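What follows is each chain in one-letter form.
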Amino acid sequence: VTDAAALTALIAAIEARGTPIKGTVHSAMQIEDGLLRSLDDARFAAALAPKVAGAWNLHRALGKRPLDCFTVFSSMTACLGSPGQGNYVAANSFLEALVAMRRAAGLKANFMAWGAIKDVGFLARNTNTQDQMQTRVGGGAITAAEAMDALDAALAADVPGEAVGRLDWRTVVRSMPAAHARRYAYMHADNAHESVQEDGGSQLREQIAALPAEPAQQLAAQALRAQIARILHLPPERIELDKSLHIMGMDSLMGMELGLAVQETFQVKLPMMTVAEGGTVFTLAGRIVASIQRQSGSGGGADAALSDQAAALAKIHAIKTDDQTFAAMLDSHAPAASADAINQGSL
C-alpha cells in the first residue's frame, strides 16, 4: 500500500473484473521501537510509511466510491502513549486524523485502536514485546474473537472510532503519564476507592529521610528490588542487589519504565544515565537515598548526591578522577556547591 501506482493499478484490475470494491480494512504496520534519541529519519520513515503513506494512498485511490467501510487499525498507544514507540504512536495518530477528515467530507471511515491481542498478529509472534506491554498497562490481552465482535459492533453503529483493550488502570497510571489527562477523569473516578499510591511514596520518603545512611539504603533497595522484579517478570528473590541491571536483562525501554517506577515509589527523578551506566540495585538505592536526604536536609545526603552527580559528569566527559579529587571539589565549593550547579556544568 505504500506504492501508490501499484495500489491504483490493483484497484483498477479488481474493478475491471466487474466486482465493485465495497470496503477496505487497513492493518499494515511496522515496528521500529527505540527511545527518541536513537530514532533517526530512516527508523521514523519505516514506522510511518505503512500507516501514513499506506492509508493516504488508499484514501486517494478509492476516491469518493460509496464504500460500506473504510476501517483503519490504530492502537491504544495513540490514546495513552507508549515509552519507546514515538514513531508508532505518531503513525496511529495520523490514521485517526484521516478518519476525522474523511467523515467531515461525508465519506465512510472509522478506526479501531486495539489494545494487546494475544492469539494473532504481531504480539502473538513476539511474546517478549507482549510481556513488556502488559507490564506497562496491566490487565490482560484480548482475543481475536473479542476484537472482531468489537469491530462488528463499531461498524454496525457507524462510530468514528473505538479503543478496545483490557487494562488495569492502576498499572496504567503508574507507567503512562498521559493517563493523568482530563479526558480520563472518569477512569480515575471509577478507581477512587483504590488509591494508586495509597500515600506509600510519601511514607517511604519520610522513613528514608529519618534513617541513617546504611539502613536507609537497605530500605530503598528492598523497595527498588520489588519494582525491578515486576519489570523483569522475575521473583524478587531472583534480583541480586549487587548485580548489574544490564546483566539481569534490563534494556533501555525497561530502564525508562524503572525511572517512572522510581518517581512513583520514591517521588525522586532518576536520570536515565544512572541506569545506562549499568548500576546495581544497591548503587541506585544509594542515589535515591542521597537525593531524598538532600532534599529533606537530613544527614550527609547533599554531599552524597553531589559526589554521585560529579562522578556521573566526569564519566560523560571521560575525565579520570578519584575520591580525593571529589573531596577537594566538595571542599572548595561548599557550602555554595549544589547538585543543581553540577547539573548546569559549573563544576
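Look up: the structure comes first, before these words.
Okay, so let's go over this structure. (Residues numbered from 1 in each chain as written. Predicted model: local features only at pLDDT ≥ 70, side-chain atom pairs only at ≥ 80, totals over all residues. Heavy atoms only, no water.)

Our next topic: the pairing of strand S1 (residues 23-26). Burial of S1 is one-sided: the residues Thr24 and His26 facing one way are buried, the residues Gly23 and Val25 facing the other way are not. Sheet analysis places S1 next to strand S2 (residues 69-75), joined by four bridges and oriented parallel. By the bridge assignment for S2, Thr24 is matched with Phe70. A crossover links S1 with its parallel partner S2, the connecting element being helix H2 (residues 41-62), and its sense is right-handed. (Buried < 20%, exposed > 50% of the residue type's maximum accessible area, 1.4 Å probe, protein only. Helix = DSSP H or I, 4+ residues; strand = E, 2+ residues; numbered from the N terminus. Pairing = 2+ DSSP bridges. Right-handed = clockwise from strand over helix to strand, strands pointing away.)

Despite not being glycine, Asp158 has its phi angle at roughly 55°, a positive value. Tracing the chain through its elements places Asp158 in the loop between helix H7 (144-157) and strand S4 (161-164). With a relative accessible area of 36%, Asp158 lands in the partly exposed category.

Relative orientation of the contacting elements H2 and helix H4 (residues 86-104) amounts to 15°, with a least axis distance of 8 Å. Between H2 and H4, the crossing angle belongs to the class labelled roughly parallel. For H2 against H4, the interelement crossing comes out right-handed. Along its contact with H2, which presents Arg43, Phe44, Ala47, Leu48, Lys51, Val52, Ala55, Trp56 and His59, the element H4 presents Gly86, Asn87, Tyr88, Ala90, Ala91, Asn92, Phe94, Leu95, Leu98, Met101 and Arg102. The class makeup of the residues in the contact of H2 with H4 is 13 nonpolar, four polar and three charged. (Axes fitted to C-alpha atoms, helices over the stretch in contact; angles between N-to-C directions. Parallel < 35°, antiparallel > 145°, perpendicular 65-115°, else oblique. Left-handed = near helix turned anticlockwise from the far one by under 90°. Contact = heavy atoms within 4.5 Å. Nonpolar A, V, L, I, M, F, W, Y, C, P; charged D, E, K, R; others polar.)

For the rest of this paragraph, the subject is the pattern of salt bridges. It is possible for side chains bearing opposite charge to pair when their charged atoms get close. Considering all chains together, one arrives at six salt bridges under this definition. Asp158 is paired through a salt bridge with Lys108; the nearest N and O atoms lie 3.8 Å apart. Placement of Asp158 in the loop between H7 and S4 and of Lys108 in the loop between H4 and strand S3 (110-114) is noted, with a sequence separation of 50 residues between them. Lys108 sits in the partly exposed class, given a relative accessible area of 34%. Put simply, Lys243 and Glu240 hold a salt bridge, and the shortest N to O gap is 3.8 Å. Overall, the relative accessible area of 29% leaves Lys243 in the partly exposed class. Among the ionic contacts, a cluster of salt bridges with common partners joins Arg103, Lys108 and Asp158. (Salt bridge = Lys/Arg side-chain N within 4 Å of Asp/Glu carboxyl O.)

What follows covers the sheet that holds S1. On the basis of which strands lie adjacent, the open sheet formed by four strands has the order S1-S2-S3-S4 and parallel pairing. Two strands close off the open sheet at either side, each with one partner strand: S1 and S4. Geometrically, the sheet is characterised by an average inter-axis angle of 15° between neighbouring strands, direction not taken into account. Its contacts with the sheet put H2 on S1 and S2, and the angle it makes with S1 is roughly 170°. Contacts between H7 and the sheet are confined to S2, S3 and S4, with S3 contributing the most and set at about 155° to the helix.

With that settled, the discussion passes to the nonpolar core. Formed by 29 residues in total, the largest nonpolar core has its most connected members in Leu224, Ile228, Leu258 and Phe266. In terms of residue count, helix H11 (residues 213-232) provides more of this core than any other element does, nine residues in total. Non-local contacts of Ile228, meaning those with residues more than four positions away in its chain, are made with Ile239, Leu245, Met250, Leu258 and Val281. Counting residues in hydrophobic clusters, the runner-up holds 16 residues, among them Leu7, Ile21, Ala55 and Leu98. (Core = buried A, V, L, I, M, F, W, Y, C linked by side-chain atoms within 4.5 Å.)

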